[in-house]
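The chain contents come next:
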Amino acid sequence: IIVVFIGIHVCSVDNIDEFNIMVSAVPSRHRLHGHLLRCVVSLAAIAFTVDAVQYDTIDKYDCFRSLEGMTKSMFDLAESYPDLSSVVDIGDSYLKSKNDNNDDYPLPQNGYDIYAMVITASDSPHPSSAKGKTLIISGVHPREHAPPELTMRFAESLLTGYEVDADITWILQHTEVHIIFQVNPDSRYVTEKYPKTFWRKNQNPGNGRENCKADEIGVDLNRNFGFKWGDQDGASDDSCDSTYHGRGPGSEPETRAVVDYAKEIFPEEQGRRDDPEGSTNVAFGEDNTGIFVDVHAPGGYIFYPWGHKDRKSPDDDALQATARKMSYYNGYVLWAGGQPDFQYAASGDSSDYMYATLGVASFGLELGEDFYEDCGRFENEIVPGNLPALTYLVKNAKKPFSLAKGPDIISLIVSDDVIQDGIQYGIKVTVVASDSRLVNSISRYPDFPETGGQGVAEVRVYLDVHPDDYEEGDALAWEMQLIDNDSEEPKFELEVISAGGFSAGRHTLYVQAKDGAGYFGPTTGAFFDVEMRPTKSPSLSPTTDSPSHKTTSMVRIKIFFLIVT
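Not measured: the values here are computed from a predicted model. (Residues numbered from 1 in each chain as written. Predicted model: local features only at pLDDT ≥ 70, side-chain atom pairs only at ≥ 80, totals over all residues. Heavy atoms only, no water.)

> Can you tell me about the pattern of salt bridges, naming the residues and giving the values?
Under the counting rule described, the total for this entry stands at 20 salt bridges. For Asp370, the salt bridge goes to Arg377, with nearest N and O atoms at 3.5 Å. Note that Lys514 is salt-bridged to Glu458, the shortest N-O span being 3.5 Å. Here Lys514, found in strand S20 (residues 505–515), pairs with Glu458, found in strand S16 (residues 456–463); they are 56 residues apart in sequence, far enough to count as distant. On the basis of relative accessibility, which here comes to 18%, the residue Lys514 falls in the buried class. A relative accessible area of 10% means that Glu458 is categorised as buried. Residues participating in the shared-partner salt-bridge network are Arg65, Glu149, Arg153, Glu156 and Glu379. (Salt bridge = Lys/Arg side-chain N within 4 Å of Asp/Glu carboxyl O. Helix = DSSP H or I, 4+ residues; strand = E, 2+ residues; numbered from the N terminus. Buried < 20%, exposed > 50% of the residue type's maximum accessible area, 1.4 Å probe, protein only.)

Written out as structure tokens, the structure reads:
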């Protein structure tokens, strides 16, 4: 049997036999960070530990590719995976747009292009307009080493997981993932060459060249977005301050590059608001599409609107449910309005802007414990905790305000032990689903009954067609049978039987659960391969076939996927 674990989960292996693998869940942050034997679920964590010979890395931090190494990695990936990825020039850095220079810290005279990588399956039957969109940015604050490397690892896990991991495969067939690895390349260069500066802002000197110290100039790009810009509770009008908001909303070319690109990829028809600051109490509703993520460091936080004030947004049920479920994977706490870990206000930031102005479900991460993160912590905690959190997010990109409210698939086991007259001729699918486990995973937070108290009403299985593409009568679909009515995590089972045999080759099972309020959760997929062998075919109904033996494909099935969250 061939078994592949990729992309979304961290688990410990209990037993391996010829046809099945049993795994046990890692239920808490403490176990995740302990010394268990782990099946680490990301090729990025296994196969893409940075090779210092192949890609340039930051001095003394061999786990983090430098600005040069990141750029080369991006173009190498696009060349290696032309059917899955492309690179787009979305704008210029300050130094390139102004042809300016910092005399105290010499920089390349021409500055830098700002690039986005687009990752999606070009062979998908779905056009771009029908796909969910996710935009991930990193490198806004260049002194934060870990974010660009994490987003590059995520890109690598998506590209290497296609047609190997069932979830990643359907994600890229139904979703576009856009990643801007280095939003602020000018200052990334500075912090790599002059690490004692701990540079946070861009290289726009503004009035600071006369009034500020050499390492205090610049604009904080995460206070420069055009929603609640200039609010003094969450930004500064002092050009020397670390949170200086700039001369106007979107005054910086780096900010404009991100905003213009976001407006290009997220659908205009989903209710962009002319007066977002006057509509902060109006929900967008559950039909909006798209996810935005801004990755920062350090802290161990997940943030989402509102960030400019300590108050919940009108779509808090969906946003909070999503963030809580991300925490199940990375163990982070919530920095958002109404939460006990709200740290301070941030006005003019990217997350509030994308939600309030474009109607996108917006989030952010604060990774790890240091600006210049320890490589051991990065490889052993940050990568294995946050890659599955990002994968969970991307799963929801098409309907983020709805899917997060539904139940999650906790375990999916596909086995080939359906036997009749001594002949294996079908598969058994066993699923555990929960409406509460992920959303109630933060130990010192109260439970969240708003989305986690409705229970699991049903689980459906689809053969070779994703639930979003299913139409009555066009493919096989079943409602699973309840076999263990645990109130929190019921267990379901289904035997998929085919008298004539599945066709030879790879098949995909898709599983989705629905709660008592009618909300479907995100889809989970599993591959299985069927080999052709001549054998006596079982007869499940009267037949006039004269031969007693014929070729059937139901003799040996290779199970390619098992998932336990």
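> Can you tell me about the state of the cysteines, naming the residues and giving the values?
Overall, the coordinates contain two disulfides when judged by the stated rule. One disulfide bridge connects Cys63 with Cys375, the sulfur atoms lying 2.1 Å from each other. Torsion about the S-S bond of the Cys63 and Cys375 cystine: about -85 degrees, corresponding to left-handed handedness. Of the two residues, Cys63 is situated in strand S5 (residues 61–65) and Cys375 in helix H12 (residues 375–395); the sequence distance between them amounts to 312 residues. Disulfide partner of Cys212: Cys240, at an S-S distance of 1.9 Å. Measuring the twist about the S-S bond at about -90 degrees, one finds the Cys212-Cys240 disulfide to be left-handed. (Disulfide = S-S within 2.5 Å.)

> Account for the environment of Val431, naming residues and giving values.
Residue position: Val431 is located in strand S15 (residues 423–434). Taking the C-alpha atoms as reference points, Val431 and Met480, 49 residues apart in sequence, are found 8.6 Å from one another. Leaving out residues up to four positions away in the same chain, Val431 has contacts with Ile409, Ser411, Leu412, Val459, Met480, Pro490, Lys491, Phe492 and Val511. (Contact = heavy atoms within 4.5 Å.)

> Describe in detail the sheet that holds strand S12 (residues 333–335), supporting the description with residues and values.
Read from one edge to the other, the open sheet built from eight strands follows the order S6-S7-S9-S8-S10-S13-S11-S12, with strand pairing classed as mixed. Both edges of this open sheet fall to strand S6 (85–92) and S12, since each of them pairs with a single strand only. Averaged over neighbouring strand pairs, the angle between their axes works out to 25 degrees when direction is ignored. (Pairing = 2+ DSSP bridges. Axes fitted to C-alpha atoms, helices over the stretch in contact; angles between N-to-C directions.)

> Outline the nonpolar core, supporting the account with residue identities and numerical values.
Counting residues in each nonpolar core, the largest one holds 102 residues, and the members touching the most others are Leu172 and Ile180. Element by element, the count of residues in this core is highest for H12, at nine residues. In this view, Leu172 contacts Leu84, Ile119, Thr120, Ala121, Lys131, Leu158, Tyr162 and Val177; residues no more than four positions away in its chain are not counted. Formed by 22 residues, the second largest nonpolar core is a distinct cluster that contains Val431, Val461, Met480 and Val511. (Core = buried A, V, L, I, M, F, W, Y, C linked by side-chain atoms within 4.5 Å.)

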